Amino acid sequence: MYGQIVRDGLVNVTGIEDLGLTSPVLQRTSDAFFKEISPFLLHFGMFVPTIIGQCTPEQQAKWLPLAMDLKIIGTYAQTELGHGTFIRGLETTATYDASTEQFILKTPKLSSYKWWAGGLGKTANHCIVLAQLYTKGVCHGPHPFIVQIRDTETHMPLPGIKVGEIGPKLGFNTADNGFLGFEDFRIPRENLMMKNAQVTKDGTYVKVARHGKLTYGTMVFVRVMLVSDMAYCLAKAVTIAVRYSAVRRQSQPKPDQPEPQVLDYLTQQHKLFICISTAHAMKLTSTWLWNTFTGVLADMRDGNTDTLPELHALSSCLKAISTSDTSALIEQCRFACGGHGYMYSSNLPALYSFATATRTYEGDYTVLLLQTARFLVKSWEQMDEGKPLTPTLAYLEQSRNGSQVSWDDSPEGIVRGFDAVAAGRIGACVKSIRKHINNGMDYEDAWQMTTVQLVGAAEAHCRAVICRVYRDETARLTAGCSPGVKAVLDQLSTLYLLYWALERTGDLLRFSSLSERDIENLQARYEALLLKIRPNAVGLVDAFDFRDEVLMSTLGSYDGRVYERLMEEALKTPLNREPVSDSFHKYIKPMMQGKL
Ligand SMILES: CCCCCCCC/C=C\CCCCCC(=O)SCCNC(=O)CCNC(=O)[C@H](O)C(C)(C)COP(=O)(O)OP(=O)(O)OC[C@H]1O[C@@H](n2cnc3c(N)ncnc32)[C@H](O)[C@@H]1OP(=O)(O)O
Ligand SMILES: Cc1cc2nc3c(=O)[nH]c(=O)nc-3n(C[C@H](O)[C@H](O)[C@H](O)COP(=O)(O)OP(=O)(O)OC[C@H]3O[C@@H](n4cnc5c(N)ncnc54)[C@H](O)[C@@H]3O)c2cc1C
């Protein structure tokens, strides 16, 4: 299994390299080789971006060509057995020895072992290691080091390195995630990635970057990439589920009628059409977020880090919500396919196992939403002090006078309704924190007592951003389209707004003048819209344009030969190679004869 995966991974990587294409394309093409994940994903997904983001030009000149030519194979080892979220609590140490101009890497105890890095188990010979940097007896916090862990000729672990694979997981079982421990392992001073901080030969620590969190830059990059990845993942799943629902016929609502396509059931449309809309919403939002990211990078190249806090808040909540929505909606696609959706050959289990992992890695859902909430509360307080708000928080102004927003069920009105919900929930958090402080709590405890509400406020902010970006970008991008295309894409973005308005009626009742009658109207409009989208449903998923080789699904292939493909795959199962398994003769027959 591992050998096959590595072979496929290299065919994918070297093939694309010959075509001179960039890593995002690599990510897409690797889908044609892997149901789960390539052991080389971390090499291009984090090892290369970290060299670019954390190394000086001289260090890049040394390491980047080796990495891009696959002369070295890397991964990103930050998480430890004992810590993943709390980076400042990482235990691996890198202590500078000026007499030899080296860092000594140590794994102080079991919980300090690096754990999880993709490709570390058996594939990588280098890795980025986040370790607490000590020099002249002072700890300067976690810093990135590039470390060779295996001999590039023999692939044997180097002396002082303990490395291996962490074992089977819910998914990602082709990524050879590994563990790594150091026993007084020495690396040259130059292996500290020195773009944001340096250590001179005599051990003097020199802080270069103005912003203390630039070391976390790779994580921001991957979070931005993941939003796009999720759109792609969900688009695959809903292509499979909608095509299968067009083939599958089941039950007899009317006695004298043939069994209908299950796609004709309103409940099936309710399960699946939000998945089509969400794939579009996330793709458009990911492009908007990428443009925001590149804008902040440009500012930072000019030495201006003022826009970094908003980017961190946006990338945190969009990564959290896109991965959470995608996991839930891929599972919904699986539910919509009945028993056959549970078959591995449908590819829905693999898509789910990949998506649900993203809700955790690169920043746990709750933790990242609390990061966004931290920014929202700070912004509210700055608004109270009369300071300007950042663009994505302009809607907070409307809440200043505390008046309730009047409900307007037009698409633009619903977007404003979500702004009001976000503003209201952030304001309620600020009020809760202040109440606890007035009752004698310190700020940290008052914050902790409000964290359930803070997670909800961050989700509401993120939903408001997605709704606004989805609506605006759809209008902008369809301006030149034919009336037919424009109408269908407008239906999808309206469906997204109606769906979420119905999901959040409690909030809308609390923070706008929404009435029970308005809710009845929303429900009726939503159901009518499902019926309108039905005739275009298969065309809409065909428009995602996935080849069968990429979908890898018995249920979602373009030709609709579902039952034939299910049987073809079943007959390939090893258990079907012999009519009678040898377990019958070894165990079952003796048992039947009372001989066990
Ligand atoms: C083929 C190429 C395509 C690529 C496709 C990619 C696909 C996926 C790739 C690979 C697959 C597998 C990847 C998985 C890899 C991993 O999981 S790597 C490990 C990831 N780990 C994490 O994400 C850890 C999460 N934890 C954190 O980020 C931080 O510890 C924390 C933010 C939760 C808390 O950090 P802490 O130091 O405690 O900070 P705070 O005290 O909360 O905040 C201090 C201030 O710093 C600001 N800040 C925090 N983080 C950032 C950041 N990343 N950027 C900018 N600023 C940040 C924070 O807002 C505070 O600011 P204020 O004081 O002003 O409020
Ligand atoms: C498939 C996969 C691949 C991975 N690949 C890599 C890799 O290549 N490199 C790498 O370095 N890491 C990798 N990771 C590790 C990943 O980054 C961590 O698992 C992730 O950051 C979560 O940290 P944790 O596991 O310590 O969870 P924890 O943070 O311990 O979470 C446990 C619970 O505690 C809660 N919690 C934690 N802190 C807080 C808080 N401050 N407030 C409220 N609740 C809190 C969380 O919400 C969660 O419910 C991978 C993980 C997975 C699943």
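Residues numbered from 1 in each chain as written. Chains lettered and ligands numbered in written order. Predicted model: local features only at pLDDT ≥ 70, side-chain atom pairs only at ≥ 80, totals over all residues. Heavy atoms only, no water.

The protein carries the name Acyl-coenzyme A oxidase in an unreviewed UniProt entry, which gives Loxostege sticticalis as its organism. We quote the UniProt Sequence similarities (unreviewed entry) comment for the protein here in full: "Belongs to the acyl-CoA oxidase family." We quote the UniProt Cofactor (unreviewed entry) comment for the protein here in full: "FAD". (UniProt positions renumbered as here; feature names shortened; annotations may be inferred.)

**Student:** I'd love a proper account of the site of ligand 2, names of residues and values included.
**Tutor:** The environment of ligand 2 is made up of 20 residues, and the closest members are Y76, T79, G84, T85 and D364. For ligand 2, an oxygen atom lies 2.4 Å from a polar atom in the side chain of T85. Coverage of ligand 2 by the protein amounts to 64% of the 960 Å² it exposes when considered alone. Considering every element that reaches the shell around ligand 2, the biggest residue donor is helix α9 (residues 365-384), with 3 residues. In the shell around ligand 2, the residues fall into 9 nonpolar, 9 polar and 2 charged. Each of domain 1 (2-208) and domain 2 (217-539) accounts for three or more of the residues forming the shell around ligand 2. (Near = heavy atom within 4 Å. Polar contact = N/O pair within 3.5 Å; in protein donor to acceptor, adjacent residues only side chain to side chain. Areas by Shrake-Rupley, 256 points an atom, 1.4 Å probe, with all protein chains shown as cover. Helix = DSSP H or I, 4+ residues; strand = E, 2+ residues; numbered from the N terminus. Nonpolar A, V, L, I, M, F, W, Y, C, P; charged D, E, K, R; others polar. Domains from an automatic or database assignment.)

**Student:** How would you summarise the UniProt feature "domain: Acyl-CoA oxidase C-terminal" (unreviewed entry) in the protein if you had to cite specific residues and measurements?
**Tutor:** As recorded in UniProt, the sites labelled "domain: Acyl-CoA oxidase C-terminal" (unreviewed entry) are residues 411-593. In the segment residues 411-593, helix accounts for 75% and strand for 0%; the C-alpha atoms at its two ends are 72 Å apart.

**Student:** Go over the site of ligand 1, please, and point to the residues and values.
**Tutor:** Every one of the 33 residues lining ligand 1 counts as a neighbour, but T85, K213, R223, Q371 and R374 are closest to it. Within the contact set of ligand 1, an oxygen atom lies 2.6 Å away from a backbone nitrogen or oxygen of T85. Secondary-structure elements contributing two or more residues to the shell around ligand 1 are α2 (23-30), α3 (41-54), α5 (217-247) and α9. Per element, the largest residue contribution to the shell around ligand 1 is 7 residues, and it comes from α5. Classifying every residue of the shell around ligand 1 gives 15 nonpolar, 11 polar and 7 charged.

**Student:** Tell me what's going on with the sheet that holds strand β8 (residues 178-182), and back it up with residues and numbers.
**Tutor:** Read from one edge of the open sheet, 3 strands run β4-β8-β7, paired in antiparallel fashion. At either end of the open sheet lies a strand with only one pairing partner, and these are β4 (114-115) and β7 (161-165). (Pairing = 2+ DSSP bridges.)

**Student:** Give a description of the environment of L514 that names residues and reports values.
**Tutor:** Along the chain, the position of L514 falls in the loop between α14 (505-511) and α15 (516-533). L514 gets classed as buried once you look at its relative accessible area, which sits at 5%. Sequence separation between L514 and D409 is 105 residues, and the spatial gap between their C-alpha atoms is 9.1 Å. (Buried < 20%, exposed > 50% of the residue type's maximum accessible area, 1.4 Å probe, protein only.)

**Student:** Outline the packing of aromatic side chains, supporting the account with residue identities and numerical values.
**Tutor:** Applying the stated criterion across every chain, the model contains 16 aromatic pairs. Ring geometry for F221 and W290: centres 6.4 Å apart, planes at 65°, overall edge-to-face. Within this pair, whereas F221 is found in helix α5, its partner W290 is found in helix α6 (residues 266-301), the two being separated by 69 residues in sequence. The buried category is assigned to F221, whose relative accessible area is 18%. Ring-pair connections join several aromatic residues into one group, and the members of that group are Y96, F103 and F145. In this structure, R359 packs its charged tip against the face of Y365, placed 3.9 Å from the ring centre. The residue whose ring lies beneath R463 is W500, and the NZ or CZ to ring-centre distance is 3.6 Å. (Phe/Tyr/Trp six-rings, centres within 6.5 Å; stacked < 30°, edge-to-face > 60°. Lys NZ or Arg CZ within 6 Å of the ring centre and 35° of its normal.)

**Student:** Tell me what's going on with the domain arrangement of the protein, and back it up with residues and numbers.
**Tutor:** When its domains are assigned, the protein resolves into domain 1 (2-208) and domain 2 (217-539). Computed from C-alpha atoms alone, the centre-to-centre distance between domain 1 and domain 2 is 33 Å. Tallying the contact residues gives 19 residues for domain 1 and 21 residues for domain 2. The contact between domain 1 and domain 2 buries some 1,600 Å² in all, and 62% of this surface belongs to carbon and sulfur atoms. The interface formed by domain 1 and domain 2 contains 0 salt bridges. At the surface where domain 1 touches domain 2, the tally comes to 1 residue pair in polar contact (both at pLDDT 80 or more). Of all elements in the fold, only α2 and α3 reach the threshold of two or more residues within the side of domain 1 that touches domain 2. (Contact = heavy atoms within 4.5 Å. Buried area = accessible area lost by both parts, 1.4 Å probe. Salt bridge = Lys/Arg side-chain N within 4 Å of Asp/Glu carboxyl O.)

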